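The primary structure of each chain is shown beneath.
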Amino acid sequence: MKILRNPKQKKVLYGIGLILLAAFPFLITNSYYLHVCISIGVYILLATSLNLVTGFAGQLSLGHAAFYGIGAYVGALLMLNFDVNFFLAMIASAVVSGLFGLLLGLPTLRLRGDYLAIVTLGFGEIVRLVFVNWAEVTRGPLGLPGIPSPSIFGFQISGRTAFYYLIIVLVLLTLFVMNRIVNSGVGMAMQTVKIDEIAAESIGIYPIKYKLIAFVVAAAFAGIAGCYYASYIAYISPTTFVYNTSVTILAMVVLGGLGSIPGSIIGAVILTLVPELLRFMSDYRMLIFGALMVFMMIFRPEGFWGASKRVKNIYKIKAGGGKNGSDSGDNQRHN
Amino acid sequence: MAQILETINATIKFGGLTAVNSVSITQEEGEILSLIGPNGAGKTTLFNLLTGVYRPTEGNIKFYGEEITGLKPHERVDKGISRTFQNIRLFHEMTVLENLLIANPDCHRESIWEAVFGGRKLRQKRQRVVEKCEGILKAIGLEDKLEELATNLPYGKQRLLEIGRALSTDPKLVLLDEPGAGMNSLEKEELSRLIYYITTDMKKNVLLIEHDMKFVMGISDRIVVLDHGEKIAEGKPEDIQNNPLVIEAYLGKGIPEDDDD
């Protein structure tokens, strides 16, 4: 990965990547491919946000789909019933989902490991049951149809291409925010909580605070993903936000690599693409999928792009005043 | 000399076991105080009471005259107490520099807002934090290893790094739990130089647990001896060496000739 170390080449690579992403709808006009790309984008939002909780703060959460669902329903209901602009609805989705993250986190983040996983699992089920049973608002299992498309300054976003560009913007925004959080004192504190809570406390870090931050931020971004999804599909029902979705998102995070943002992207791409590619053998698709996961965990338990590839020296400041050692340090780090 | 640390009848019971029984100790500003005692005497438990890992069943703990008995561990770090552990608890998957960075309060108190939108000001603050940590790395002799993962350091260096991490919180009092354990004699010399550096140059106080008698007698200004959770002696190293109660605690009763250690 030495090419990626050079900042100039890195910029060029990023530039080429961006151009390719922007040109994609012109190169490939098949709307099915665009749909797959949009799905990947939504899952990148969900996987990177869950990675903050599970990969960086080390808290196993099995209820991420609940925040996704809350975002979707809040966004959809605001747009349908109150004619709220999509972007305002999206902010509201983020805020409400984040609040639910806080509500769930406050009493439960004292629990560890399996216990927390069970509580989050329960939370996910409760949220789904509310969607099903609160029929006067959510129309229950019938779902909410006819969710409007977004519009910016009178310009209506409709059609797959427009939605494709919208999700690209959202993904870039999310990646930017996540990157900044992870490579900061806050992100580092989260990782100390994951590694050793007692040691973290011994240097003045209050573990619950950082777990809560991770939970709330992750929930907010899942809410954004939900609102986007609602507007894109134009119809939501409780069946989308089930336990299975939570597990899929978690699988993306683990397969890609816990505690690594590029890992989450890779995980989201692979776990969205593989089931699509295996569609021709629909009967055995999940079987092969499962086998793949098992092999992966045996041969690469760290995931495709695990935390060992993370940027060392999180502050990205060359120590030693940048005079010496920075080059050699760079090279030996990534071998 | 001002009194910095005081425990008043600190007691902790685990079920029927009284691990620390009504221990009162004091530490004066500027002195190196050592806790010694046979295995299971309650030294580390007392440390855990001082740092807030355990709450005392009875008794109080005061730091610079302020009551801190009810404070959580991280709140005590804010007051100026930091520690190392008997079994090293570094952040092994992080680099040497990161281990110190994260202990600096300016680093982990960054707000999420600052982290996402911070610009030049944040960069300058971070630069200052890095410089501070480099200073500490020089003091512990790891300035050329800052990009090394903590787990790849030799054992003795890991101990030093843990002390460095404790110093990075900018404490007034550093509690060292067996800092010399597993070190060879050369590393121990380095360690005692570091402890003197901490007390004289950095003007911080040190309270330590140690088993190596030669080391303890050489470095301490005053020693407190615990046995079975109780304080059995207290005084200058030479007084402790000749205290019959202490000899008895370590070697047993009835064989007066047997004092070769």
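Worth saying up front: this structure is predicted, and the values here are computed from it rather than measured.

**Section: the sheet that holds strand 10 (residues 222-227) of chain B**
Residue and element names in this part refer to chain B.
In step 1: Taken in spatial order, the six strands of this open sheet run 7-8-9-4-10-11, and their pairing is mixed. Both outer strands of the open sheet, strand 7 (81-83) and strand 11 (230-235), are each paired with one neighbouring strand and no more. Averaged over all pairs of adjacent strands, the angle between their axes in this sheet comes to 20°, without regard to strand direction.
In step 2: Where strand 8 (residues 173-177) lies against strand 9 (residues 205-209), five bridges are found, and the strand directions are parallel. Each bridged residue has a counterpart across the sheet, and for leucine 175 the counterpart in strand 9 is leucine 207.
In step 3: Packing of helix 7 (residues 155-168) onto the sheet brings it into contact with strand 7 and strand 8, and relative to strand 8 it is tilted by some 155°.

**Things to note about the nonpolar core**
In step 1: Ranked by internal contacts, the top residues of the largest apolar core, which has 136 residues, are Leu52, Met190, Tyr228 and Ile236 of chain A together with Leu161 and Ile195 of chain B.
In step 2: In terms of domain composition, this core takes at least three residues from each of domain 1 (1-80 + 171-180 + 202-261) and domain 2 (87-170) of chain B.
In step 3: When residues no more than four places from it in sequence are discounted, the contact partners of tyrosine 228 of chain A are Ile38, Val42, Phe86, Phe163, Tyr164, Leu166, Ile167 and Leu170 of chain A.
In step 4: Listed in part, the 25 residues of the second largest apolar core include Val20, Leu33, Ala41 and Leu46 of chain B.

**Comments concerning helix 11 (residues 244-251) of chain B**
In step 1: If you check the start of helix 11 of chain B, you find a side-chain oxygen 2.8 Å away from the backbone N of leucine 245 of chain B, and it comes from asparagine 243 of chain B.
In step 2: In the segment just after helix 11 of chain B, glycine 252 of chain B is the residue with positive phi, at about 90°.

**Points about the domain arrangement of chain B**
All names here are of chain B.
In step 1: Each assigned domain of chain B is listed with its residue range as follows: domain 1 (1-80 + 171-180 + 202-261) and domain 2 (87-170).
In step 2: Placing a centre on the C-alpha atoms of domain 1 and another on those of domain 2 gives a separation of 28 Å.
In step 3: Facing 11 residues of domain 1, the contacting portion of domain 2 comprises seven residues.
In step 4: Between domain 1 and domain 2, roughly 760 Å² of surface is buried when both sides are summed, and carbon and sulfur atoms account for 65% of that area.
In step 5: Looking only at domain 1, the three residues that lose the most surface to domain 2 are Pro171, Pro179 and Met202, adding up to 46% of its buried area.
In step 6: Remark: the boundary between domain 1 and domain 2 carries two salt bridges.
In step 7: The salt bridge partner of arginine 109 is aspartate 78, with a shortest N-O separation of 3.0 Å.
In step 8: For the pair domain 1 and domain 2, the interface holds two residue pairs in polar contact (both at pLDDT 80 or more).
In step 9: Looking at the side of domain 1 that touches domain 2, the elements with two or more residues in it are helix 2 (73-79) and strand 8.
In step 10: Of the residues that constitute the side of domain 1 that touches domain 2, the class distribution is six nonpolar, no polar and five charged.

**Some points on the interface of chain A and chain B**
Accessible area lost during the coming together of the parts is what is often quoted as the interface size.
In step 1: Across the boundary between the two partners, chain A contributes 36 residues, which contact 41 residues of chain B.
In step 2: With both chains or domains summed, chain A and chain B bury close to 3,400 Å², and 65% of this area falls on carbon and sulfur atoms.
In step 3: Across the chain A-chain B interface, the total number found is one salt bridge.
In step 4: Between aspartate 196 of chain A and arginine 89 of chain B there is a salt bridge, and its shortest N-O distance comes to 2.8 Å.
In step 5: Our count for the contact surface shared by chain A and chain B stands at five residue pairs in polar contact (both at pLDDT 80 or more).

**Considerations on the pairing of strand 10 of chain B**
Residue and element names in this part refer to chain B.
In step 1: Within strand 10, six of the six residues are buried, which leaves the element mostly enclosed by the surrounding structure.
In step 2: Where burial is concerned, the two faces of strand 10 agree: the one with Arg222, Val224 and Leu226 and the one with Ile223, Val225 and Asp227 are both buried.
In step 3: Of the strand pairs in this sheet, strand 4 (residues 32-36) and strand 10 are connected by four bridges, and their pairing is parallel. Each residue of the ladder has a partner; that of leucine 33, found in strand 10, is arginine 222.
In step 4: Across five bridges, strand 10 lies against strand 11 in antiparallel orientation. Pairing of valine 224 across the sheet is with glutamate 234, part of strand 11.
In step 5: Hairpin geometry of strand 10 and strand 11 is characterised by an intervening segment of two residues between the two adjacent antiparallel strands and by a positive phi of about 50° at histidine 228.

**A word on the packing of aromatic side chains**
Residue and element names in this part refer to chain A.
In step 1: A complete count under the given rule lists 18 aromatic pairs over all chains for this structure.
In step 2: Note on tyrosine 164 and tyrosine 165: the rings are 5.5 Å apart at their centroids and 70° apart in plane angle, and the pair reads as edge-to-face.
In step 3: The class for tyrosine 164 is buried, based on a relative accessible area of 2%.
In step 4: Under the relative-accessibility criterion, tyrosine 165 is labelled partly exposed at 28%.
In step 5: Each ring, one from tyrosine 228 and one from tyrosine 232, has its centre 6.1 Å from the other, and the planes form 15°; the classification is stacked. Taken together, the residues tyrosine 228 and tyrosine 232, both in helix 10 (residues 207-233) and four residues apart, mark about one turn of the helix.

**Details of the packing of helix 1 (residues 7-27) of chain A against helix 7 (residues 160-182) of chain A**
Any two packed helices are characterised by how steeply their axes cross, that is the angle between the axes, and by the distance between the axes.
All names here are of chain A.
In step 1: Helix 7 packs onto helix 1 with a crossing angle of 165° between their chain directions and a minimal axis gap of 9 Å. On the basis of the axis angle, helix 1 is roughly antiparallel to helix 7. As for how helix 1 packs across helix 7, the hand of that crossing is right-handed. Along its contact with helix 1, which presents Leu18, Leu21, Ala22, Phe24, Pro25 and Phe26, the element helix 7 presents Thr161, Tyr164, Tyr165, Ile168 and Leu172.
In step 2: Here the contact of helix 1 with helix 7 is composed, by residue class, of 10 nonpolar, one polar and no charged.

**Quick look at the confidence of the model for chain A**
Residue and element names in this part refer to chain A.
In step 1: When pLDDT is averaged along chain A, the result is 83; 89% of the residues meet or exceed 70.
In step 2: Confidence, expressed as mean pLDDT per element, reaches its minimum in chain A at helix 14 (residues 326-333) with 36 and its maximum at helix 10 with 93.
In step 3: Overall, residues 320-335 carries pLDDT values under 50, and its contacts beyond four positions in sequence, including any with other chains, amount to 12 contacts.

**A few points about the pattern of salt bridges**
Residue and element names in this part refer to chain A.
In step 1: Enumeration according to the criterion identifies 15 salt bridges over all chains in this entry.
In step 2: Between glutamate 197 and lysine 211 there is a salt bridge, with the nearest N and O atoms lying 3.1 Å from each other. Within this pair, whereas glutamate 197 is found in helix 9 (residues 197-202), its partner lysine 211 is found in helix 10, the two being separated by 14 residues in sequence. Each member of the pair, glutamate 197 together with lysine 211, is buried.

Rules used throughout
Residues numbered from 1 in each chain as written. Chains lettered and ligands numbered in written order. Predicted model: local features only at pLDDT ≥ 70, side-chain atom pairs only at ≥ 80, totals over all residues. Heavy atoms only, no water. Pairing = 2+ DSSP bridges. Helix = DSSP H or I, 4+ residues; strand = E, 2+ residues; numbered from the N terminus. Axes fitted to C-alpha atoms, helices over the stretch in contact; angles between N-to-C directions. Contact = heavy atoms within 4.5 Å. Core = buried A, V, L, I, M, F, W, Y, C linked by side-chain atoms within 4.5 Å. Buried < 20%, exposed > 50% of the residue type's maximum accessible area, 1.4 Å probe, protein only. Domains from an automatic or database assignment. Polar contact = N/O pair within 3.5 Å; in protein donor to acceptor, adjacent residues only side chain to side chain. Buried area = accessible area lost by both parts, 1.4 Å probe. Salt bridge = Lys/Arg side-chain N within 4 Å of Asp/Glu carboxyl O. Nonpolar A, V, L, I, M, F, W, Y, C, P; charged D, E, K, R; others polar. Phe/Tyr/Trp six-rings, centres within 6.5 Å; stacked < 30°, edge-to-face > 60°. Parallel < 35°, antiparallel > 145°, perpendicular 65-115°, else oblique. Left-handed = near helix turned anticlockwise from the far one by under 90°. pLDDT = per-residue confidence, 0-100.

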